[in-house]
Amino acid sequence: MAEAVAGTRPGTDRARVLAWAREYGVYVSVLALLLFNVAFTPNFLDAANFRTQLVQVAPIVIVSLGMALMIGTEGIDLSVGSVMALAASMVVLYLGYGAWPAILVALAAGALVGAAGGGLVAYVGVQPIVATLALLVGIRGLANVLVPQLRDFRSPTLITLGSDSVAGIPFVVLIAAVLTAVMTFVVRRTTFGRQIVAIGGNRVASELSGLPVKRLLLSVYVISGVLAAGAGVLATARLQAGDPTSLGLFMELSAITAVVIGGTPLSGGRIRVVGTVMGAMLIQLLQATLIQHDLPRSWAQIVQAVIILAAVYAAGNRGAR
Amino acid sequence: MTRTSVLSDQDAGAARSPDAAVRRERAGRLLQQHGALLVLLSLVAFGSVAFDSFATAANLRGIVISSSFLAIIAIGMTFVIISGGIDLSVGSLFVLGGVLAASGSRHGALAALALPLVTCGTIGLVQGLLIARLRMAPFIVTLAGLLGVRGIMLAISDEGATTYLVEDRAFAALGRSEVLGLTWPVLITVVLAVIGVVLLQRTGFGQNVHAIGGNEEAAALMGVPIARTKVLVYLMSGLLAGLAGALNAAWLSSGVTILGIGLELDVIAAVVIGGTLLTGGVGGLTGTMAGVLLLGVIQNLINQAGNLTSAFQQVVSGLFLVLVVVAQRVFSKAQQLG
């Protein structure tokens, strides 16, 4: 009898721990890392260091917001890194017409790539991973064909955008924060947000209940493309150079990690916007911590891989591709 | 009731125009299975006419040799994709295999081969266990593998700063020397491809791989050993990626740390272009080999054209991938309707 109780207890406890970890693990981890750094990392609380961390995480956050929407629909966008590179090459190519036109062209290019991927997925019925894989390969190539090597530039507007601050807060961080707020509102309070979550939850039911599923999917891909292009523009503005060869390399991995760690299941049907931002912070903080304590970058990658696996296991993301 | 009516509809359709229906289905299947080969042959024909330097023996040999490493990885990937999974870690395993082989060559040819095979095989095995036993998504597990394995590779090469040179003569010879006019990597590729075809088409294991990719639940009901088959498939993929890396290191005489970024995508592209469905259940190695050569020929033609950068190759293979996938969708829809 006692044995039977002892036998069932750990199981339920484990389930409860997993459920709790799924919901709050990312917050606890970020908090723990922050505390660790406050205690053991010299100059961690310096405003300059703090700002650097936030500036570096901003592009990941922006891309991850789009990725969260995408994964919410049970899709995935592997093309985001290449779209960042394409945006960089667009900025370099069209800077002659002025900074804002160049930025607009870059965003439009992102929208176009998103529309291509979304069209393939929604209207042709191609799997998201394949469609965006083809774009990942093709679009980075295109960016490289357009701008074969790193090209630097001087543009006052882009310097302002990439490096200036308002009241001590860098523009880049401000933009990421505003986009996060907008995305939270969209997911929680708008019909569009609810419809997207519904598609991820059950696509067939959504179709039967009359939702314009194809158009909604297309718009999610376009949003992801525009956000990735925006992140590319901001990164390019900060670098003061267009670097289509290496800008955004592996960004899709970081973004997917951030979203999954943040509590959005790969099987769709639920979107955690703030959790996603926390996930991005966790990746950034982890890398910064390891590097500041003289552990090489390679260790950061290994640790990140282990964290992905642990998070996905805890989140019970099973079976899905 | 509905079932019989559907059957009789089909019978009626077949009776009305048996030849046309059969011909259309056969044409669809032919394009699905041998489309890559057809495109490959026409590109080779085009290249021979357009560029004098294309159809020379030296150039064609060059294409075959440089394609052989991709081909070895693609053999494993074909099994993975047919089983309904995906392996994103192969690019990192390829580089890790190369670095391990080069650093192992200080202790002789045997160490140079054993070190990468054992390590990459083990990593493949672990990934397979996570996917099959813990039922985690292949995409995520191998994505973590991509990151983690690259991290391991950087850790053992001082963040990529150290390039190990191949010091063992016998191992270096494995990359360069020839047997029957073929270099070893090409010969090994051919042998592995033949073994792969036999495994896939003629053995129970191959049947199981197909069955799992076609319909995992049905396969489980039929008593197919799902977990064991999946573990084997990812183990194979890891082993082959490590072997390709080792052979590449022997060929280059060093373990280069900057290779392999995006390689997994080239491999997947080759497999898909070769007619294997990414949804699993359908595919073959002859198509994959044609797909690998096709990518090699495209790159070579772009190099021949001279004024085009190699980045252009990425654009073309991306476009190819889109075209093929759309064609697959259209054909599979047509088959469902017909």
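Note that the structure is predicted; figures quoted are calculated from it, not measured. (Residues numbered from 1 in each chain as written. Chains lettered and ligands numbered in written order. Predicted model: local features only at pLDDT ≥ 70, side-chain atom pairs only at ≥ 80, totals over all residues. Heavy atoms only, no water.)

1. What about the overall build of chain A?
Right, on to step 1. Within chain A, the regular secondary structure consists of 13 helices and 4 strands.
Right, on to step 2. Taken over the C-alpha trace, chain A has a radius of gyration of 20 Å; the compact-globule value for 321 residues is 20 Å, and the two agree within 12%.
Right, on to step 3. Dimensions of chain A, computed from the C-alpha atoms along their principal axes, are close to 80 × 55 × 35 Å.
Right, on to step 4. Buried positions account for 53% of the 321 residues belonging to chain A.
Right, on to step 5. Sequence separation of at least 24 residues holds for 78% of the intrachain contacts in chain A that already meet a minimum separation of 6.
Right, on to step 6. When the 20 positive and 12 negative side-chain charges of chain A are each reduced to one mean point, those points stand 8 Å apart. (Helix = DSSP H or I, 4+ residues; strand = E, 2+ residues; numbered from the N terminus. Rg over C-alpha atoms; globule rule 2.2 N^0.38 Å. Buried < 20%, exposed > 50% of the residue type's maximum accessible area, 1.4 Å probe, protein only. Contact = heavy atoms within 4.5 Å. Lys, Arg positive; Asp, Glu negative; His and termini not counted. Charge placed at Lys NZ, Arg CZ, Asp CG, Glu CD.)

2. Structural notes on the overall build of chain B
Right, on to step 1. Across its full length, chain B holds 14 helices and 4 strands.
Right, on to step 2. Taking 2.2 N^0.38 as the reference for a compact globule, 338 residues should give roughly 20 Å; the C-alpha atoms of chain B span a radius of gyration of 21 Å, in line with that estimate.
Right, on to step 3. The buried share of chain B, taken over its 338 residues, is 51%.
Right, on to step 4. A separation threshold of at least 6 residues defines the contact pool for chain B, and within that pool the share at least 24 residues apart is 77%.
Right, on to step 5. Summed over its atoms, the accessible surface of chain B is roughly 15000 Å², and 65% of this surface lies on carbon and sulfur atoms.
Right, on to step 6. Put simply, chain B has 18 plus and 15 minus side-chain charges, and the middle of one group is 8 Å from the middle of the other. (Areas by Shrake-Rupley, 256 points an atom, 1.4 Å probe, with all protein chains shown as cover.)

3. A look at unusual backbone geometry
Residue and element names in this part refer to chain B.
Right, on to step 1. Although it is not a glycine, R135 adopts a positive phi angle of roughly 55 degrees.
Right, on to step 2. Position of R135 relative to the elements: it lies in the loop between α5 (109-132) and α6 (138-156).
Right, on to step 3. With phi around 65 degrees, S253 is a residue other than glycine that occupies positive phi space.
Right, on to step 4. Of note, S253 is situated in the loop between α11 (226-252) and β4 (254-255).

4. Some remarks on the nonpolar core
Right, on to step 1. Grouped together as the largest cluster of nonpolar side chains are 172 residues, with contacts concentrated most on L158(A), I256(A), F79(B), F139(B) and I140(B).
Right, on to step 2. The element contributing the most residues to this core is helix α3 (residues 57-82) of chain B, with 13 residues.
Right, on to step 3. Once residues within four sequence positions are removed from consideration, F79(B) is found in contact with G196(B), L199(B), L200(B), F205(B), V209(B), V233(B), M236(B) and L285(B).
Right, on to step 4. Grouped together as the second largest cluster of nonpolar side chains are 12 residues, L282(A), L285(A), L286(A) and A300(A) included. (Core = buried A, V, L, I, M, F, W, Y, C linked by side-chain atoms within 4.5 Å.)

5. Points about the packing of α5(B) against helix α7 (residues 169-176) of chain B
Residues and elements named next belong to chain B.
Right, on to step 1. The N-to-C vectors of α5 and α7 enclose an angle of 65 degrees; their axes lie 7 Å apart at closest approach. Across the interface between the two elements, A109, A112 and L113 from α5 touch A170, F171 and L174 from α7.
Right, on to step 2. A breakdown of the residues in the contact of α5 with α7 according to their chemical character gives 6 nonpolar, no polar and no charged. (Axes fitted to C-alpha atoms, helices over the stretch in contact; angles between N-to-C directions. Nonpolar A, V, L, I, M, F, W, Y, C, P; charged D, E, K, R; others polar.)

6. Observations concerning the environment of I212(B)
Residues and elements named next belong to chain B.
Right, on to step 1. In this structure, I212 sits in helix α9 (residues 204-214).
Right, on to step 2. Relative accessible area serves as the criterion here: at 3%, I212 is assigned to the buried category.
Right, on to step 3. Separated by 130 residues in the primary sequence, I212 and I82 have C-alpha atoms spaced 8.2 Å apart.

7. Regarding the side chain of T73(A)
Right, on to step 1. Considering the arrangement of structural elements, one finds T73(A) in the loop between α2 (47-72) and α3 (80-94).
Right, on to step 2. Of the residues examined, T73(A) reaches a relative accessible area of 8% and is grouped as buried.

8. What about the UniProt feature "transmembrane region" (unreviewed entry) in chain B?
All names here are of chain B.
Right, on to step 1. Residues given the UniProt feature "transmembrane region" (unreviewed entry) here are residues 36-57, 69-102, 108-130, 137-156, 182-200, 231-252, 285-302 and 308-327.
Right, on to step 2. With 73% helix and 0% strand, the stretch residues 36-57 has end C-alpha atoms that lie 22 Å from each other.
Right, on to step 3. For residues 285-302, helix accounts for 100% and strand for 0%, while the C-alpha atoms at its two ends are 26 Å apart. (UniProt positions renumbered as here; feature names shortened; annotations may be inferred.)

9. A few points about the interface of chain A and chain B
Right, on to step 1. Taken together, the contact pairs 41 residues of chain A with 41 residues of chain B.
Right, on to step 2. Buried surface at the junction of chain A and chain B, both sides included, amounts to about 3700 Å², of which 78% is carbon and sulfur.
Right, on to step 3. Taken together, the connections running from chain A to chain B amount to 0 salt bridges.
Right, on to step 4. On inspection of chain A and its partner chain B, the count reaches 1 residue pair in polar contact (both at pLDDT 80 or more).
Right, on to step 5. Looking at the side of chain A that touches chain B, the elements that each hand over two or more residues are α4 (99-124), α5 (128-146), α11 (251-261) and α13 (297-315) of chain A. (Buried area = accessible area lost by both parts, 1.4 Å probe. Salt bridge = Lys/Arg side-chain N within 4 Å of Asp/Glu carboxyl O. Polar contact = N/O pair within 3.5 Å; in protein donor to acceptor, adjacent residues only side chain to side chain.)

10. Some points on the packing of α5(B) against α6(B)
Residues and elements named next belong to chain B.
Right, on to step 1. α6 packs onto α5 with a crossing angle of 150 degrees between their chain directions and a minimal axis gap of 9 Å. Put simply, α5 runs roughly antiparallel to α6. The handedness of the crossing between α5 and α6 is right-handed. Within the contact between the two elements, α5 uses I123, Q127, L130 and I131 and α6 uses P138, V141, T142, G145 and V149.
Right, on to step 2. Per-class residue counts for the contact of α5 with α6 are 6 nonpolar, 3 polar and no charged. (Parallel < 35°, antiparallel > 145°, perpendicular 65-115°, else oblique. Left-handed = near helix turned anticlockwise from the far one by under 90°.)

11. Overview of α4(A)
Residues and elements named next belong to chain A.
Right, on to step 1. The first and last C-alpha atoms of α4 sit 36 Å apart over 26 residues, in line with the 38 Å expected at 1.5 Å per residue.
Right, on to step 2. By the largest-angle criterion, G118 marks the main kink of α4, which is about 25 degrees.
Right, on to step 3. Following α4 by one or two positions, G125 has its phi on the positive side, about 90 degrees. (Expected span 1.5 Å × (residues − 1). Bend = angle between axes of the 7 residues up to and from the residue.)

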